[in-house]
Amino acid sequence: MSNLEDSEENWMAKMDSLCSNLNVDPVAAKKSKESFLEIKRNYSLDGDMLHWMACALYVACRTSITPTVQTGKAVEGNCVSLTRLLRLCNISLIQFFTKIKNWMEMAAMSTEFKDRISHLQHKFAVSTVLFRKFQPIFQEIFLNLTNEPLKSSAKRRPKLQPCSTNALFEFTWCLYICVKGEFHRSAHDLVDMYHLLLACLDFVFANAFMARRIDLIDPAFKGLPSNWLQDDFKVPANPPCIISALCELNDGLLVDASATKEYSWKPVIKSFFEKSLLKGDMENLSGVLDIGYFDSNLKSLNNQYETYVLSVGEFDERIFLGEHANEQIGTRNKEISEVIATFGPNNRAVHQTPLTGRRYLESQGEELTPVSEAKNSLARLAAYLRQAAPQPSRELIKLFTECNVSKETINTNLIQPCNNWKEQFANSLRETNTSYSNETIMFRCNMITCLYYKVFEHIIREEHRKKPQVSLQMLLTQETYQLTVYACCTEIVIHAYGVHSLKFPRVLQIYGLSAFHFYKIIELVVQAVVEKLTRDVIKHLNAVEEEVLESLVWTSDSPLWEQLSRTSVPASIDVRVHDSPHRRNNGLQSPVSAVIDRYFSPDQAKKQLFKDPIKPGQSLLVATNNVQVKQEANVLLPPQNPSNSDNSTTPKKTNNSLILFFRKFYSLAVVRINDLCTRLGLSDEELKRKIWTCLEYSIMEQTQLMKDRHLDQLLMCAVYVICKVSNNSTNQVEKSFADIMKCYRQRPLADNHVYRSVLIRQSEGDSSPERGDLIHFYNKVYVQCMQTFALRFTGRHKDECSLSPLPAGRGDAAYSPAGQRVSERHQLYVKPLTTPPPANLHLTYRFSRSPAKDLHAINTMVSCEVGGLKRSLVASAVGEGALAAADVVKRARYATAGVARKLHGLMTDRQAQDRHQPRD
């Protein structure tokens, strides 16, 4: 017998032993053994084999259907305890989540099963956060919680004795997770489940209060009456409600918590009494802690929860109560933030900051817990909407009336569609979370509608201010625009409440919106609410915009493809914006009619919509033969007729919507290129420009590569291929895909699913689309499209390819060595002067400090004609003692008087600005 066969026999013996201990049925046992052997033969499994066996068994059990004897119904999940499986395989919960992710990729599990694991991970993260909140709140209310093992306390306690604080702690948590199990569709929602926890603590307190358990309740607790400890204290007919006190002390929202208690908690507790899961006074929902009932109630709750866990195959949340909880969970020597961070970007309780849109974020204060962050977001939202109503405000109606918009038009084109969308979302909530009461649903729908009218009014007023000649009636006819605003407001409320079952892009499906239309409104909404809502909400909207731009707009059913069928993809140089130095202070949108440009105008954008300081430069991918293309050729000379050059290409006229889209898309792409290059240690600017040129070419000329794929997939391929062809003995820059993926994973919001599952071939007929990892995609698809172009960067064909300019990332000019452009007609840039320039290469003028002759010398140099000679000039501006440098990168033949006047005007403006700045 070979060693391989001998080894496999040993593994199968261990699998048989596991199946026997877990009472796994023969079908699932056979399935688990077959899958384990197949994966082990095809992949190298590192670490303890028992850990991989746990994965094989869990998958086999969760994909099996077991008929039950009593009811005759089929139960999914084989009734195998995940907690017991992990204990027998000596693997912690966190280790299991890591292993099962890899197992699902190797076994090519369905998307549905992967989503189930993702939900399980998120539920674990939420439960961990909630338990960490539960313990200190419990200790605020009750006395004498000790460190003795909680799970064994009830067993050692003699019967017919009042329950101890430790036993009450166990009872409270078991009661909470049993009630939470009734809301399995919303069990991932942090805010709702936190308020349910407060309702549970209120219920247990009420029972202890009515039993006058002075030995349990802390007399210093704020929710007690002042005469609680007096001998003549009389227990009232109804216990006090401590929801208000708990919310005040522990980051709760009173309105939501009260609604949760009334419409979610009470109905479930009443049903528990009716089913005899709880014994006591059913009419007053009390008496559950009485000596004759407590032990029976605790036992019933444990049995009920045990049945629930086995039926749904989830982890046992009683694990937190165990003596060896840290070892079983995997949290030994780990902070809770590290545990939550284990589960990747989509399951984080505290969200990472996206690379773009950071200019909108207020400075970060003290670090908040997930519950505090959620409470803060909802509190700010509630404060913003305090005086709002789910209808147009008087001021908005007045504005429409002044602009000759009839009431009938307002009702038909604004109010009625809004009411329809409101009902749409209400129906979606009912379908997604059947446990939501009608009151809860209407409260959240009204919150969305109030927010919508406030944001809509803000955008309309800005629109009217910028272009008063534009008819507001015309704006009201654009239903897609209004719907995108409503959808964005919906996403804000969904995120604030942490409704995991409706996480983005579910909102697009609810309203039947395309991502291509949705992205257009995001930044306008951000600008409307940036000072009103929390940093976390703004971060989320930035992350949503990135998700839309990187992948969702590139799906095969996106309207983007229809537009690209009529026009070509523009180059980054064609969508760049010349920034004016006079409007850079706030980093926000320039004064342009954004809604008109996004939804109405078919012409090219002439002004900046967002602060996208994309830097100028040559963008032709294939240079003309024997002709030197000058970057500054368009400074003063009239544009050349494309027909005069056989090798020049003229892009088709691109509509305004595409200009705006690709401006944002290229801006996101260059930010990510710079981030990945920095993490890889690639600092050479020419190499970065090669990577950018390669990526831009793949977007422009091989656009089909993006269909149903992800920007980062093409980006990593571009980095790999350019580093490979540029590598030589003197410049060793080659990077492996392993290096690239490792650095990619470190980026905020990066997801390993991007490189683990890439579309290889679209589905044909009834067949499923073929998918593989990034290397498979590179070899089978990317190389076929890009090989010829990439070989131009080998060094043997330098004359065949010129480099596109590397744009600056949005709001960040530091990526461009030239600095910030200050002239729309000249290659004139401003950047910080960090070190004194060599005196023989630069002329320096310090505003308000240098003599006039220095400025005259600069003017003379710029004015004179020096054919083909490159010069640099540095002009230093004093803000609060800081210096700034302006570099003339390349020069053509400048018109003497015109350039001198422009530069003198620029200097005068900066001197005027300097005089108005405060002095130390």
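The shown structure was predicted, so the numbers you read here are calculated from the model rather than taken from an experiment.

Turning our eyes to something else, we now look at the overall build of the chain. Secondary structure summary: the chain contains 33 helices and 9 strands in total. Taking all 920 residues of the chain together, the buried fraction comes to 53%. Long-range pairs, those at least 24 residues apart, make up 74% of the contacts in the chain between residues at least 6 apart in sequence. As displayed, the chain has an accessible area near 42000 Å², and 48% of this comes from carbon and sulfur atoms.

With that settled, the discussion passes to the packing of helix H22 (residues 515-529) against helix H26 (residues 656-680). Put simply, H22 and H26 touch, their axes get as near as 11 Å, and they point 70° apart. Looking at the two axes, H22 sits roughly perpendicular to H26. Here Phe516, Tyr519, Lys520 and Glu523 of H22 lie close against H26, whose contacting residues are Ser657, Leu658, Leu660, Phe661 and Lys664.

This part takes up the environment of Gln328. Following the sequence through the fold, Gln328 ends up in helix H13 (residues 325-329). For the pair Gln328 and Ile91, spaced 237 residues apart in sequence, the C-alpha separation works out to 7.5 Å. Setting aside anything within four residues of it in sequence, one finds Gln328 in contact with Arg87, Ser92, Leu93 and Ile319.

What follows concerns the packing of aromatic side chains. What the rule picks out here adds up to 54 aromatic pairs. Ring centres of Phe134 and Phe138 lie 5.8 Å apart, and the angle between their planes is 55°; on these two criteria the pair is classed as tilted. Here Phe134 pairs with Phe138, and both are found in helix H6 (residues 111-141), just 4 residues apart, close to one helical turn. For the ring pair Phe665 and Tyr666, a centre distance of 6.0 Å and an interplane angle of 55° mean the geometry is tilted. Phe665 sits in the buried class, given a relative accessible area of 0%. Residue placement shows Lys707 over the ring face of Trp561; its charged tip is 4.7 Å from the ring centre.

The subject of this paragraph is helix H29 (residues 737-745). Along H29, the residues classified as buried are Phe737, Ile740, Met741, Cys743 and Tyr744. On an axial view of H29, the arc spanned by its buried residues comes to 165°, and they lie on one face. Those residues of H29 that are buried are in contact with H26, helix H28 (711-726), helix H30 (753-756) and helix H31 (774-790).

This next bit is on the side chain of Arg213. Along the chain, Arg213 falls in the loop between helix H9 (190-210) and helix H10 (243-249). The class of Arg213 is buried, set by a relative accessible area of 9%.

Turning to the confidence of the model for the chain, a few remarks are in order. Summing up the model confidence of the chain, the mean pLDDT is 78 and the portion of residues at 70 or higher is 72%. Averaged pLDDT values for the elements of the chain fall to 35 in strand E9 (residues 884-888) and rise to 96 in helix H21 (residues 506-511). Residue range residues 916-920 is modelled with pLDDT below 50. Its contacts to residues more than four positions away, or to other chains, number 9 contacts.

With 144 residues, the main nonpolar core has Phe662 and Tyr782 as its most contacted residues. When near neighbours in sequence (up to four residues on either side) are disregarded, Phe662 contacts Trp554, Leu564, Val569, Pro570, Val575 and Ile699. Listed in part, the 113 residues of the second largest apolar core include Leu130, Cys174, Leu198 and Phe320.

The rules we used
- Residues numbered from 1 in each chain as written.
- Predicted model: local features only at pLDDT ≥ 70, side-chain atom pairs only at ≥ 80, totals over all residues.
- Heavy atoms only, no water.
- Helix = DSSP H or I, 4+ residues; strand = E, 2+ residues; numbered from the N terminus.
- Buried < 20%, exposed > 50% of the residue type's maximum accessible area, 1.4 Å probe, protein only.
- Contact = heavy atoms within 4.5 Å.
- Areas by Shrake-Rupley, 256 points an atom, 1.4 Å probe, with all protein chains shown as cover.
- Axes fitted to C-alpha atoms, helices over the stretch in contact; angles between N-to-C directions.
- Parallel < 35°, antiparallel > 145°, perpendicular 65-115°, else oblique.
- Phe/Tyr/Trp six-rings, centres within 6.5 Å; stacked < 30°, edge-to-face > 60°.
- Lys NZ or Arg CZ within 6 Å of the ring centre and 35° of its normal.
- Arc of directions from axis to C-beta.
- pLDDT = per-residue confidence, 0-100.
- Core = buried A, V, L, I, M, F, W, Y, C linked by side-chain atoms within 4.5 Å.

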